[in-house]
Amino acid sequence: MKETKFKPAVWRTSLDGLREAIGRVGSDGDEANSNDAQVGLLSFDKGLSLSLEVPFGTLIDREYIEFANGVRGYTGGYEDVDAVFGFSQDGKWYVLKDAYVSNWSESMPGFSSQRIEGNSLTVSNQPISNKPAIKSVAVQFDGFTKWFRNFNITRKYEMKKDEAGNYAGCEKVVYEYEPPESTTLFQNDNLSITVAQSGIEDGGPVINSKAALSVVSRLVISYAEPTELEEAVQTVVHQMRGLVALLTGVYCSVDEVKAFSPDEGLSVDYYAPFIKREHPVSNDEVMHMPFPFPIIQDKIPLVIERWFSLCPDAVNAATILVSCLDGSIMSVDLTFIACASALEALSRVGVNQERFTQEDFEANMAAALSSIEDGEFREWLGRITFNRKSAGSLARKLMNGLKPFSSYLIPDAERFLRDHRLCRNAYVHRDGLESDGVLKGEDLYYHTKAVWFLCYAAILNLIGISPEESLQAIEGSHYEDGAISQIRRQYAK
């Protein structure tokens with residue numbers, strides 16, 4: 001989200017207290033004192049931190065403690081509040097949720113001010129609680145408009161002719177935009193997900209040296225029953241952000257969240273420190289998106305339905321894949337460990353992990369124990385309860401199920417699995433890193449890329465996009481074709 005500065009506001013730790021303070025100011029004309037409300041300056045620095053500076057007085061007090069002799073004193077901490085409420089100079093109502101004091105200073109002249117931070121902020125034109133109920137939420141992701149690609153903008157040139165009837169240049173350029181009806185991506189008994197579009201005329205009311213018309217597409221999530229805003233953000237909004245990232249092949253920032261209350265005319269702007277991209281989605285990334293909407297639109301309802309139904313192992317793996325799309329977050333070895341854990345999680349999905357039936361395992365263990373005379377060794381062996389297939393065999397089965405994608409990406413699967421086992425053991429346990437066969441540098445980088453692509457194809461397969469379709473999309477879009485070429489070269493037979 002974008003860095004935002006807000007107007008000064010008066011604050012209290014309860015909505016009723018804030019209303020009372022504002023009411024007193026309005027009724028008798030006196031300014032609020034420290035017992036009424038505190039003035040605070042709220043900021044959203046670089047879109048990463050919500051902080052409230054209280055220049056004078058104290059908004060959140062320290063906790064009191066009463067000793068056995070009746071003496072009362074301060075503890076080291078501050079009162080725990082779910083939220084603080086503000087009313088701004090321009091008539092906005094603020095709710096800073098999960099508020100906590102992040103320094104130890106009291107606000108007084110000559111010293112630093114009390115600083116309060118929070119995990120999320122809601123802004124509206126009317127008073128709202130710290131748990132507002134909503135009927136819908138509109139979200140703008142970086143790159144989502146270009147993924148949707150239904151722009152509905154036409155450009156017409158009207159040419160002029162000379163006296164001989166020859167074309168003599170352009171006389172007029174006409175831009176036309178007709179907002180389309182909202183497009184439904186998914187719907188069930190609980191919610192519907194649509195895409196709403198709007199045109200934006202850049203440059204303001206006075207056209208000087210240039211004019212431009214742009215289109216913005218937003219994802220709109222509507223609920224059959226009123227839903228708490230925070231719950232909607234933490235579930236469906238985050239889930240759809242992850243799905244859009246995988247379909248576009250780029251890390252998607254959340255640029256804007258606007259919710260709409262069941263109360264007519266009440267809208268709520270939502271701010272939270274989502275991890276954001278370093279740079280906007282580039283034209284090159286747009287050109288190489290593997291699954292833009294026009295290609296996948298017939299499958300979108302099925303894809304979203306299955307995405308919402310993924311098992312915990314698949315959800316954890318998908319979360320890792322999305323985070324790895326921003327390559328600046330982790331070093332190569334840590335990225336490899338993350339991708340390796342995702343591969344291991346996906347290899348367990350829908351698979352019977354028992355190597356033997358429990359009955360056979362117990363019978364074989366009993367036979368083995370009865371044949372051993374050494375009591376100490378027999379006791380050690382009797383504690384073994386691991387009846388699981390090896391991670392290598394599960395990974396091999398997963399790769400076989402992802403053909404032809406996996407066989408195209410990694411021609412020599414056995415060498416890949418051997419390298420993977422050695423690297424995983426070395427980098428996870430940080431032991432044997434100098435041993436022969438443990439990949440480093442460029443080789444480890446492209447091996448990690450190969451693991452990521454295997455997990456990518458596995459997730460897509462779970463949500464209804466077959467390995468054949470994934471391979472066709474990757475080849476057709478030239479998505480990461482440089483990395484794929486290096487992977488194929490590294491694991492050529």
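Check the entry above for the structure.
Below or above, wherever it landed, is the structure these notes cover. (Residues numbered from 1 in each chain as written. Predicted model: local features only at pLDDT ≥ 70, side-chain atom pairs only at ≥ 80, totals over all residues. Heavy atoms only, no water.)

## Focus on the overall build of the chain
- Across its full length, the chain holds 16 helices and 19 strands.
- Put simply, the chain has 493 residues, and 41% of those count as buried.
- Partitioning the contacts of the chain with sequence separation of at least 6, the portion at a separation of at least 24 is 69%.
- Accessible surface for the chain amounts to roughly 26,600 Å². Of this, 49% is attributable to carbon and sulfur atoms. (Helix = DSSP H or I, 4+ residues; strand = E, 2+ residues; numbered from the N terminus. Buried < 20%, exposed > 50% of the residue type's maximum accessible area, 1.4 Å probe, protein only. Contact = heavy atoms within 4.5 Å. Areas by Shrake-Rupley, 256 points an atom, 1.4 Å probe, with all protein chains shown as cover.)

## A short note on the pattern of salt bridges
- Within the structure shown, the criterion is met by eleven salt bridges.
- In this structure, the salt-bridge partner of Lys299 is Glu469, at a minimum N-O distance of 2.7 Å. With Lys299 in the loop between α5 (293–296) and α6 (300–308) and Glu469 in helix α15 (residues 467–477), this residue pair connects regions lying 170 residues apart in the sequence.
- You can call Lys299 partly exposed: its relative accessible area is 27%.
- By relative accessible area, Glu469 is classed as partly exposed at 31%.
- Here Lys449 and Glu480 are joined by a salt bridge, their closest N and O atoms 3.2 Å apart. Of this pair, Lys449 sits in helix α14 (residues 441–462) while Glu480 sits in the loop between α15 and α16 (481–490), placing them 31 residues apart in sequence.
- What makes Lys449 buried here is its relative accessible area of 19%. (Salt bridge = Lys/Arg side-chain N within 4 Å of Asp/Glu carboxyl O.)

## Some remarks on empty space enclosed by the protein
- Enumeration according to the criterion identifies one cavity of 30 Å³ or more in this entry.
- Empty space within the largest cavity amounts to approximately 40 Å³.
- Forming the walls of the largest cavity are Phe144, Trp147, Leu185, Leu219, Met240, Leu243, Val244, Leu247, Ile300 and Ile304.
- If you list the elements that add at least two residues to the lining of the largest cavity, you get α2 (144–148), α3 (229–248) and α6.
- A total of four residues in the lining of the largest cavity trace back to one element, the largest contributor, which is α3.
- Residues that form the lining of the largest cavity fall into these classes: ten nonpolar, no polar and no charged. (1 Å grid on protein atoms, 1.4 Å probe; cavity = no way out; pocket = protein on both sides within 12 Å on 5 of 7 lines; lining within 4 Å. Points joined across faces, edges and corners; volume = space filled by probe spheres on them. Nonpolar A, V, L, I, M, F, W, Y, C, P; charged D, E, K, R; others polar.)

## Focus: the nonpolar core
- The biggest cluster of nonpolar side chains holds 128 residues, and the ones touching the most others in it are Ile193 and Phe453.
- No other element matches the 13 residues that α14 contributes to this core. (Core = buried A, V, L, I, M, F, W, Y, C linked by side-chain atoms within 4.5 Å.)

## A word on the packing of aromatic side chains
- Under the defined criterion, the tally for this structure stands at 17 aromatic pairs.
- With 5.9 Å between their ring centres and 80° between their planes, Phe44 and Tyr271 make a pair best called edge-to-face. Of the two residues, Phe44 sits in strand β3 (residues 38–45) while Tyr271 sits in strand β19 (residues 267–271), which places them 227 residues apart along the sequence. In terms of burial, Phe44 and Tyr271 fall into one category: buried.
- A ring pair is formed by Phe416 and Tyr491, whose centres lie 5.5 Å apart and whose planes are at 80°; its orientation type is edge-to-face. Residue Phe416 is located in helix α13 (residues 413–429), and its partner Tyr491 is located in the segment after α16; the two are separated by 75 residues in the primary sequence.
- By way of ring pairs, the aromatic residues Phe6, Trp11, Phe44, Tyr94 and Tyr271 are connected into one cluster.
- Taking the ring centre of Tyr408 as reference, the NZ or CZ of Arg488 above it sits at 4.2 Å. (Phe/Tyr/Trp six-rings, centres within 6.5 Å; stacked < 30°, edge-to-face > 60°. Lys NZ or Arg CZ within 6 Å of the ring centre and 35° of its normal.)

## Overview of the packing of helix α8 (residues 332–347) against α14
- Axis separation between α8 and α14 bottoms out at 9 Å; the angle between their running directions is 30°. Viewed along their axes, α8 and α14 adopt a mutual orientation that is roughly parallel. Judged by the sense of rotation from one axis to the other, the crossing of α8 with α14 is left-handed. Every residue of α14 that contacts α8 at Val332, Asp333, Thr335, Phe336, Cys339, Ala340, Ala342, Leu343 and Leu346 is listed here: Leu444, Tyr445, His447, Thr448, Val451, Trp452, Leu454, Cys455, Ala458, Ile459 and Leu462. (Axes fitted to C-alpha atoms, helices over the stretch in contact; angles between N-to-C directions. Parallel < 35°, antiparallel > 145°, perpendicular 65-115°, else oblique. Left-handed = near helix turned anticlockwise from the far one by under 90°.)

## Digging into the pairing of strand β18 (residues 254–260)
- Two elements, strand β12 (residues 133–141) and β18, share six bridges in a ladder whose sense is antiparallel. When the bridges of β18 are listed, Ser136 appears paired with Phe260.
- Summarising the sheet, β18 and β19 pair through four bridges and their orientation is antiparallel. Along β19, the bridge assignment pairs Phe260 with Ser267. (Pairing = 2+ DSSP bridges.)

## So, the side chain of Ser261
- Considering the arrangement of structural elements, one finds Ser261 in the loop between β18 and β19.
- Given a relative accessible area of 7%, Ser261 falls into the buried group.
- With sequence-adjacent residues up to four places away left out, Ser261 is seen in contact with Ala133, Ile134, Lys135 and Leu266.

## Examining the state of the cysteines
- As enumerated under the stated definition, the model contains zero disulfides in all.
- Not part of a disulfide, Cys339 finds its nearest cysteine sulfur in Cys324, a span of 3.9 Å. (Disulfide = S-S within 2.5 Å.)

## Let's talk about the environment of Glu231
- Assignment of secondary structure puts Glu231 in helix α3.
- Along the backbone, Glu231 and Ala133 are 98 residues apart, and their C-alpha atoms lie at a distance of 9.7 Å.

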